[in-house]
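Results of the structural survey
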Amino acid sequence: MSGHTDRYWNSHERKIWVTALFIGSCLVYGSRQTMPISISHIAKEQGWDKAQSGVVLSSFFWGYMTTQVLSGVISDHVGGDQVASIVAFCWGITLLTTEYIIRYGGSVDSVISLLVIQRIVFGAFQGAFYPPANALIAKKVPASERNFAVSFFGSGSKMGSLTFGLIGSLLIEYVGWPSVFLVGGILPVMWCLFIRLHLMKSNTSTAHVTEESKILTPATAIPWKRLLSKVPVWVLLITHAAEGFSFFIFFSWMPTFFTEKFPDAKGWVFNVVPWIFAIPTALAVGKFADYLMKIGKSNTFIRKFFVGLSYSATTLLMILLTQATSYKSAIAVVCVFYCLIGFNYVGTQCNALDLAPQFSGTVYGMMNSCAAIAGMFGTYITGHILEQTNNWSIIFIMISVVYACAMCLFLRYGTGEPVIPETPRNGKLLTA
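Residues numbered from 1 in each chain as written. Predicted model: local features only at pLDDT ≥ 70, side-chain atom pairs only at ≥ 80, totals over all residues. Heavy atoms only, no water.

**A few points about the overall build of the chain**
The following threshold applies: In this text, helices come from DSSP runs of H or I with a minimum length of four residues, and strands from runs of E with a minimum of two, each type numbered from the N-terminal end. It is over C-alpha atoms that the radius of gyration is taken, and the globule rule equals 2.2 Å times the number of residues to the power 0.38. The rule is simple: take the accessible area with a 1.4 Å probe, protein chains only, and divide by the maximum for that residue type; under 20% is buried, over 50% is exposed, in between is partly exposed. Residue contacts follow a heavy-atom distance rule, with two residues in contact if any of their heavy atoms lie within 4.5 Å. Only the protein chains shown count as cover for residues, and all accessible areas are computed by the Shrake-Rupley method using a 1.4 Å probe. His is not counted, nor are the chain ends; Lys and Arg add positive charge and Asp and Glu add negative charge. Lys charges are placed at NZ, Arg charges at CZ, Asp charges at CG and Glu charges at CD.
Within the chain, the secondary structure is distributed over 19 helices and zero strands. Taken over the C-alpha trace, the chain has a radius of gyration of 21 Å; the compact-globule value for 432 residues is 22 Å, and the two agree within 12%. Counting only C-alpha atoms and orienting by the principal axes, one finds that the chain spans roughly 65 × 45 × 35 Å. Expressed as a percentage of the 432 residues in the chain, the buried residues total 60%. Restricting to contacts in the chain with at least 6 residues of sequence separation, those with at least 24 account for 86%. With the model as given, the accessible surface of the chain reaches about 16,300 Å², and the carbon-plus-sulfur share is 67%. Separation of charge centres in the chain, based on 29 positive and 20 negative side chains, amounts to 7 Å.

**Considerations on the packing of helix 2 (residues 34-46) against helix 10 (residues 178-197)**
The relative placement of two packed helices is expressed as an angle between their axes plus a distance between the axes. The test is simple: In this analysis an axis means a line fitted to C-alpha atoms, helices contributing only their contacting stretch, and an angle means the value between N-to-C directions, from 0 to 180 degrees. Roughly parallel refers to an angle under 35 degrees, roughly antiparallel to one over 145, roughly perpendicular to one between 65 and 115, and oblique to any angle outside these ranges. Crossings are classed by handedness, with left-handed meaning an anticlockwise turn of the near helix from the far one by less than a right angle and right-handed meaning a clockwise turn. For this classification, Asp, Glu, Lys and Arg are treated as charged, while Ala, Val, Leu, Ile, Met, Phe, Trp, Tyr, Cys and Pro are nonpolar and the rest, including Gly, are polar.
Between helix 2 and helix 10, whose axes approach to 10 Å, the crossing angle comes to 165 degrees. If you check the angle between helix 2 and helix 10, you find them roughly antiparallel. In the crossing of helix 2 with helix 10, the sense of the turn from one axis to the other is left-handed. Here Thr34, Met35, Ile37, Ser38 and Ile42 of helix 2 lie close against helix 10, whose contacting residues are Val180, Phe181 and Gly184. Looking at the contact of helix 2 with helix 10 residue by residue, the classes come out as five nonpolar, three polar and no charged.

**Structural notes on the side chain of Ser369**
Mapped onto the elements of the fold, Ser369 is located in helix 18 (residues 360-389). Here Ser369 falls in the buried class, since its relative accessible area comes to 9%. Once residues lying within four places of it in the same chain are set aside, the contact partners of Ser369 are Met65, Gln68 and Val69.

**Let's talk about the state of the cysteines**
Defined as follows: Criterion for a disulfide: a pair of cysteine sulfur atoms within 2.5 Å.
Scanning all chains against the criterion turns up zero disulfides. Left without a disulfide partner, Cys350 is nearest to the cysteine sulfur of Cys26, which lies 18 Å away. Cys405 takes part in no disulfide bond, and the closest cysteine sulfur to it belongs to Cys408, at a distance of 6.8 Å.

**Focus on the pattern of salt bridges**
As a reminder, the rule being used: For salt bridges, the criterion is a side-chain nitrogen of Lys or Arg within 4 Å of an Asp or Glu carboxyl oxygen.
The final tally for this structure, using the stated rule, is five salt bridges. Ionic pairing is found between Glu45 and Arg103, a salt bridge with its closest N-O pair at 2.8 Å. One end of the pair, Glu45, is in helix 2; the other, Arg103, is in helix 6 (residues 98-104), with 58 residues separating them in the sequence. Residue classification places Glu45 among the partly exposed positions, given a relative accessible area of 40%. The exposure class assigned to Arg103 is partly exposed, which follows from its relative accessible area of 39%.

**Some thoughts on the environment of Ile186**
For Ile186, the location among the structural elements is in helix 10. Sequence-wise, Ile186 and Val334 are 148 residues apart; in three dimensions their C-alpha atoms are separated by 30 Å.

**Side note on the environment of Ala43**
Relative to the helices and strands, Ala43 resides in helix 2. Along the primary structure Ala43 and Ser53 are separated by ten residues, whereas in three dimensions their C-alpha atoms are 6.9 Å apart. Apart from residues no more than four positions distant in its own chain, Ala43 is found in contact with Trp48 and Ser53.

**Observations concerning the nonpolar core**
We apply this condition: Only buried residues count toward a nonpolar core, which is a set of Ala, Val, Leu, Ile, Met, Phe, Trp, Tyr and Cys residues joined through side-chain atoms within 4.5 Å.
Counting residues in each nonpolar core, the largest one holds 127 residues, and the members touching the most others are Trp48, Phe129, Phe247, Phe250, Phe258 and Phe337. At 16 residues, helix 13 (residues 231-261) tops the list of elements feeding residues into this core. Excluding residues within four positions of it along the chain, Phe258 makes contact with Pro263, Phe270, Tyr327, Ala330, Ile331 and Val334.

**Quick look at the environment of Leu187**
Here Leu187 shows up in helix 10. Residue Leu187 is classed as partly exposed on the basis of its relative accessible area of 34%. Distance from Leu187 to Asn390, taken between C-alpha atoms, is 36 Å for residues 203 residues apart in sequence.

**Section: the confidence of the model for the chain**
In low-pLDDT regions, the fine details of the predicted coordinates are not to be read closely. In plain terms, the rule: Note: pLDDT gives the predictor's confidence per residue, expressed from 0 to 100.
Residues with a pLDDT of 70 or more make up 91% of the chain, whose mean pLDDT is 84. Mean pLDDT across the secondary structure elements of the chain bottoms out at helix 11 (residues 206-213), with 40, and peaks at helix 19 (residues 392-413), with 94. Low pLDDT, under 50, characterises residues 203-219; the predicted model gives this stretch 45 contacts beyond four residues in sequence or across chains. Counted against residues more than four places away or in other chains, residues 425-432, with its pLDDT under 50, gives 26 contacts.

**A few points about the packing of aromatic side chains**
Where we set the bar: Under the pairing criterion, centres of Phe, Tyr and Trp rings, with the six-membered ring standing for Trp, must be within 6.5 Å; the plane angle then separates stacked pairs below 30 degrees from edge-to-face pairs above 60, leaving the rest tilted. Two conditions define a charge located above a ring, namely a distance within 6 Å from the ring centre to NZ of Lys or CZ of Arg, and an angle within 35 degrees of the ring normal.
In total, this model carries 37 aromatic pairs according to the counting rule given. For the ring pair Phe61 and Phe248, a centre distance of 4.7 Å and an interplane angle of 65 degrees mean the geometry is edge-to-face. Taken together, the positions of Phe61 in helix 3 (residues 50-64) and Phe248 in helix 13 put the pair 187 residues apart, joining distant regions of the chain. Residue class for Phe248 comes out buried when judged on its relative accessible area of 5%. Consider the rings of Tyr130 and Phe153, whose centres lie 5.5 Å apart with planes at 55 degrees: the pair is tilted. Of the two residues, Tyr130 is situated in helix 8 (residues 130-140) and Phe153 in helix 9 (residues 143-174); the sequence distance between them amounts to 23 residues. A single burial state applies to Tyr130 and to Phe153, both of which are buried. For Arg32, the ring lying beneath its charged end belongs to Tyr29, and the centroid distance is 4.3 Å.

Put into structure tokens, the structure is as follows:
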């Protein structure tokens, strides 16, 4: 790291802010998991079929994909802390309306329509969280420590899924599904108040962060033409879309898979156990990636190594899952799958910060938009395939093919080097 070290958080600030973002990431996925873990119970109570459940689940992505780029662009100019805290409050309030819509929304068609609108809004607010949060890390954490920071922050999604998978399953069993949405809505509101009333008014206030980050604030408009003319940018978008397609099918439909295939199994087991292994894996991978960087491995090597390992293993896992006939074997495969997702934090996730550091929020927003579109399509089409065939093997083979194609593309054309150099307002090149 040379020159402008004042643009980074110091050690104390970094611990506070990255931990706060980790908690925010927990709440993103905790809130997001409310519907997937409740959908089979709600569908049974309300008389929905799988196609209707698929519409409700997939409608989240219709909103999720719309705000990714916009929130990234805004955060590149005004600061990620401002954007992330506001949208957390908004998605929490939106989630609190779920029970009212289902209980008092009228006919089945009316309830489905209202839920689709509500989940589009909910998804739009959630879609505006990760781009500003990652932009904040890109601008405030040095490259030599960024792999672990991104992995730690990203592992919050797994902690949120683990925690809410356990708490939510118990709430459904002993209290009822409406309590899941109540808890999932209140916690993000509390997080927002903590960020804005404590962190942003303390010694690590947003004013302090923003003043330091002015070095990295783009002096001109986002260079869309340059970004979209770079092959590695398109490779990242397609690769992450493949990951989003597969992951969101898993995230949305696995509770239903286990409920149908193994009806006697406890919900808290399959909603919790896979995430227990995923969290330490993500943290270990982040540390290992930082170690590889310190011993001289290039960003390109690190990105391709972890993407290749993760995607190739996942391709084989999906084939194994088609042959899993016992509850234990199915759980084991899903556990390994979620562990491999952690590899992607130092693969595709960090790659969004590599390619154009000064516009990292924008690139991350573009990448997540592609993942959301693919996830929406995958979640929706899965419901229709299952409604027509009731064959889960078709879904797993489809995921396997998508991962294999994406891996070949990234290994051939991906890079970890900037395609747009990082420059401050004074025009001098900045390096980490």
